[in-house]
Amino acid sequence: MSVRVRFAPSPTGPLHIGGVRTALYNYLFAKQNNGQLVLRIEDTDQTRFVPGAEQYIIEALTWLGITFDEGVHIGGQYGPYRQSDRKPLYRQYAQQLIDTGWAYYAFDRPDALEEKRKAFEQQKKTFQYDCNTRMQMDNSLTIAPEEVKRRIESDEPYVIRFKFPDNTDITVNDLIRGQVTMNSRQLDDKVLFKSDGMPTYHLANIVDDHLMQITHVIRGEEWLPSAPLHVMLYKAFGWYDTMPQFAHLPLLLKPEGNGKLSKRDGDRLGFPVFPLDWVDPKTGEKSSGYREQGYLPQAVVNMLALLG
Ligand code: GLU
């Protein structure tokens, strides 16, 4: 089977240099294995969408010579490659999980959830929508089927949540980290499908990696806590045998070593943390880029390759 990897940024602002490094490592891994690299835009969170960000990502990667075999800018046989253009596709997968008992409808209003959170806080506890609390909530596990049907037919807003099995150890075999195990009691019943008719990152990501026949998921370490949910989703869909392998890359950190390298660190220490200049379309705030500072793309690639 040939190697297929993807870089899957969300267009929420300029591409951080750590994201560029993730793209570079995917590129190098594809080249090393005679495989293919895909550029997929993950824009299911409409509230975080920033105009111009997708163009910025493409321009930055092109400048750096990180080329793709398929993607939003060049097409390919597994398209479309922008998740908002794939919107009609996801509902049937959410429905499949409902039908097989791996997911449920939740009707809880934002204010009811907030109240729950407050009540837990008063007892010095943190509320999590999970196997311990789901039976106290307003969802298709606690209300009668006819009432669920009535609410859906009368267009009451709902989300679809994943139903983690109780007290189950879930192991992720990470190519960098080794075996990472979490118990389902630590995990919340993540929303898979939102009331606006869009999937969340988790559902869209798994469906697309499966349909695009991705063999290796190489991404930043901040996604490691989500990986047990992703493994469970592959199981729930019956795709476990063809599940991609995971590699979670360590992040580029602040010089002090605590936390992710930020724009503020770059400003303070005098180096850009973005490949190209960027002006925030809402605030007008400027961020400087390596290109405009006069760095050669080869030098930026070399620096990122060595930071690993
Ligand atoms: N859209 C996610 C991000 O912005 C991608 C994570 C992944 O590669 O699965 O980082």
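Now for a look at the structure at hand. (Residues numbered from 1 in each chain as written. Predicted model: local features only at pLDDT ≥ 70, side-chain atom pairs only at ≥ 80, totals over all residues. Heavy atoms only, no water.)

## Comments concerning helix 6 (residues 201-211)
For clarity, the cut-off: Note on exposure labels: buried denotes an accessible area under 20% of the residue type's maximum, exposed denotes more than 50%, and partly exposed covers the range between, all computed with a 1.4 Å probe on protein chains only. Helix and strand assignments come from DSSP, with helices taken as H or I runs of at least 4 residues and strands as E runs of at least 2, each series counted from the N terminus. What makes two residues a contact is simply this: any of their non-hydrogen atoms within 4.5 Å.
With respect to burial, helix 6 is a largely interior element, 9 of its 11 residues being buried. Regarding helix 6, the residues found buried are Tyr201, His202, Leu203, Ala204, Asn205, Ile206, Val207, Asp208 and Asp209. In the core, the buried residues of helix 6 are packed alongside strand 1 (4-7), helix 3 (87-99), strand 8 (191-193), strand 9 (216-220) and helix 7 (227-237). Remark: glutamine 213 follows helix 6 within two positions and exhibits a positive phi of approximately 55°.

## Quick word on the site of the ligand
The criterion, for reference: To be near a molecule or strand, a residue needs just one of its heavy atoms within 4 Å of it. Here a polar contact is taken to be a pair of N or O atoms separated by no more than 3.5 Å, where protein atoms must pair a possible hydrogen donor with a possible acceptor and residues adjacent in sequence count only if both atoms sit in side chains. Under the convention used here, a 1.4 Å probe and the Shrake-Rupley method define accessible areas, while residue burial counts only the protein chains that appear. Residues are called lining when one of their atoms sits within 4 Å of a cavity or pocket point, these points coming from a 1 Å grid over the protein atoms alone, where a cavity is a set in which a 1.4 Å probe fits but cannot get out and a pocket is an open set with protein on both sides within 12 Å along at least five of seven lines. Any molecule with more than half of its atoms within 2 Å of a cavity's or pocket's grid points is counted as sitting in it. Amino acid classes used here: Ala, Val, Leu, Ile, Met, Phe, Trp, Tyr, Cys and Pro are nonpolar; Asp, Glu, Lys and Arg are charged; the rest, including Gly, are polar.
Surveying the vicinity of the ligand reveals the residues Arg6, Ala8, Ser10, Glu42, Tyr201, Asn205, Arg219 and Trp223. Within the side chain of arginine 6, a nitrogen or oxygen atom sits 2.8 Å from an oxygen atom of the ligand. With respect to the ligand, the side chain of tyrosine 201 contributes an N or O atom lying 2.8 Å from an oxygen atom. Across the complex, the protein chains shield 84% of the 290 Å² of accessible surface that the ligand would expose by itself. In this structure, the ligand is accommodated by the largest pocket. A per-class count over the shell around the ligand returns 3 nonpolar, 2 polar and 3 charged.

## Describing the layout of surface pockets
Just so we agree on the cut-off: Grid points are joined across faces, edges and corners, and a volume is the space filled by probe spheres set on the points.
The computed volume of the largest pocket comes to approximately 1,200 Å³. If you trace the largest pocket, you find 44 residues lining it, with Pro9, Ser10, Thr12, Glu222 and Trp223 closest to the centre. Looking at the lining of the largest pocket, the elements with two or more residues in it are strand 1, helix 1 (17-32), helix 6 and strand 9. By residue number, the principal contributor to the lining of the largest pocket is helix 1, which donates 4 residues. For the lining of the largest pocket, the class distribution of residues is 19 nonpolar, 12 polar and 13 charged. Taken as a whole, the second largest pocket holds about 240 Å³ of empty space. Forming the boundary of the second largest pocket are 13 residues, of which Met1, Gln213, Ile214, Thr215 and Thr242 lie nearest the centre. Here the lining of the second largest pocket is built from residues that sort into 4 nonpolar, 6 polar and 3 charged.

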